[in-house]
Amino acid sequence: MSEKIQRVGIIGAGQMGAGIAEVCARAHVDVLVFEQSRELAAAGRARILRSLDRGVSSGKITEREREQTAWRLRFTSDLGDFADRQLVVEAVLESEEVKTAIFAELDKIVTDPQAVLASNTSSIPIMKIAVATENPERVVGMHFFNPVPVLPLVELITTLKTSETVAKRAESFAADVLGKQVVRSADRSGFVVNALLVPYLLSAIRMVESGFATKEDVDKAMVLGCAHPMGPLALTDLVGLDTVKSIADSMYTEFKEPLYSAPPLLLRMVEAGLLGKKSGAGFYQY
Ligand code: CAA
Ligand code: NAD
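Position labels on residues start from 1 in each chain and follow its written sequence. Chains and ligands are labelled by the order in which they are written, letters from A for the one and numbers from 1 for the other. Note on the predicted model: pLDDT of at least 70 is required for a residue's local features to be given, and 80 or more for side-chain atom pairs to be given and counted; whole-chain, interface and lining totals, by contrast, use all residues. Each side-chain value is worked out from all heavy atoms of the structure, with water and hydrogens disregarded.

An unreviewed UniProt entry annotates the protein as 3-hydroxybutyryl-CoA dehydrogenase of Nocardia stercoris. Under the UniProt heading Sequence similarities (unreviewed entry), the entry covering the protein gives this text: "Belongs to the 3-hydroxyacyl-CoA dehydrogenase family." In its Pathway (unreviewed entry) section, UniProt records this for the protein: "Lipid metabolism; butanoate metabolism." UniProt positions are given in the numbering used here, feature names are shortened, and annotations may be inferred rather than shown by experiment.

See below:
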């Protein structure tokens, strides 16, 4: 019988890492967040506090809960501080090289043989990350959705090597502690959601690129015609154009299907630093 997970580590405090840290801290879990520098850690903390403020202003949490949640969040720039973590969720940029280097180091630091080492990757097959460790049975994919405090889904991805005890521990943490709904996916690039969603986003970019329709009309069409909460170009801006490109590249590498190939307009915008909401401009200005 594994111990209840009470000590969580989050690697990265960008959009996703901050969101995952926030929901864990709101669920009364002790949260330690790794960022590469003090400046990035301060920016990550500010991001979480803004989101908590939003929770207070929309009546979702009280002032007291906001304060207590903020207390449960600590930051570090030394991965060595993760030695006592029972669950670590990695949420750094979508790069196989960066993620495997982190997992190789993390595997040596986290001592508990029943600890769960999870990646929030959008598309990289988990086995590619797991084989960077000496204990691949501890590695799973725990894929959260953006914005994490709002969207109730977590995809759980197990590999050919993941132990079922570790998978059940991750699943029960997501469901029973965080209150998320869990679906399981095979270890295939993009998992369930992005394998369906990203070709749609890429098609919308191709539509705009070819002059088929304006970005405003493509977005309006999907919001009003299909009741989506936002159109595909606004959603690409929310996810981050760099991330959408990396997801497309990873799925193209896996399946070799043209529908996954990143259109030139997306490549040019990423090269220009037009990454969407996080950089202040993408298909729209923020
Ligand atoms: N923190 C806490 N609460 C938040 C929040 C945040 N960061 N952002 C929004 N909310 C809450 C608001 O308080 C509001 O709650 P109430 O309705 O109870 O008042 C609710 O969420 C809706 O927010 P808003 O009214 O401010 O804004 P909106 O109605 O325009 O919704 C949105 C914003 C939630 C982003 C919505 O447009 C949406 O769901 N869009 C689609 C997002 C989506 O598809 N995400 C998946 C991306 S793919 C992915 O994540 C996987 C990947 O690997 C790339
Ligand atoms: P982001 O750009 O907001 O944050 C990137 C994070 O990676 C930051 O914390 C940054 O400090 C860190 N980082 C960058 N380079 C690094 C390096 N060399 N070493 C260590 N850390 C580094 O990205 P995000 O949107 O939070 O995405 C993070 C992960 O979550 C990615 O794997 C992405 O595919 C996945 N994801 C993203 C979304 C989304 O909608 N954006 C949804 C689900 C999953």
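We now examine the site of ligand 1. In the vicinity of ligand 1, 19 residues are found, and the nearest of them are Arg 54, Lys 60, Ser 122, His 143 and Asn 146. Taking His 143, its side chain carries an N or O atom lying 2.7 Å from an oxygen atom of ligand 1. Within the complex, 65% of the 1000 Å² of free accessible area of ligand 1 lies under protein. In DSSP terms, a helix is any run of H or I states spanning at least four residues, a strand is any run of E spanning at least two, and both are numbered starting from the N terminus. Those elements that provide at least two residues to the shell around ligand 1 are helix H2 (38–57), helix H7 (191–209) and helix H9 (232–239). Tallied by class, residues from the shell around ligand 1 come to eleven nonpolar, six polar and two charged. In this document the domain limits rely on a domain assignment from an automatic tool or a database. Counting contributing residues, the shell around ligand 1 receives three or more from each of domain 1 (7–185) and domain 2 (195–277). We call a residue near a molecule or strand as soon as one heavy atom of that residue lies within 4 Å of the molecule or strand. As used in this structure description, the phrase polar contact means that two N or O atoms lie within 3.5 Å; if the pair is within protein, one of them must be able to donate a hydrogen and the other to accept it, and residues adjacent in sequence are counted only when both atoms belong to side chains. The method behind every accessible area is Shrake-Rupley, applied with a 1.4 Å probe, and residues are considered shielded solely by the protein chains displayed. Under this grouping Gly is polar, as are all residues other than the nonpolar Ala, Val, Leu, Ile, Met, Phe, Trp, Tyr, Cys and Pro and the charged Asp, Glu, Lys and Arg.

This part takes up the pairing of strand S5 (residues 116–119). In S5, alternate side chains face the same way, and those of Val 116 and Ala 118 on one face and Leu 117 and Ser 119 on the other are all buried. Pairing between strands is defined by DSSP: at least two bridges between the two strands are required. In the sheet, strand S4 (residues 87–90) pairs with S5 via four bridges, with the strands oriented parallel. By the bridge assignment for S5, Glu 90 is matched with Ser 119. We call a crossover right-handed when, viewed with both strands directed away from the observer, the connection leading from the first strand over the helix to the second proceeds clockwise. For the crossover that starts at S4, traverses helix H4 (residues 96–109) and ends in the parallel S5, the hand is right-handed. As judged from the three bridges shared by S5 and strand S6 (residues 139–144), these two strands associate in the parallel manner. Of the residues in S6, the one forming a bridge with Leu 117 is Val 139. Burial classes follow relative accessibility: with a 1.4 Å probe on protein chains only, a residue under 20% of its type's maximum area counts as buried, one over 50% as exposed, and anything between as partly exposed.

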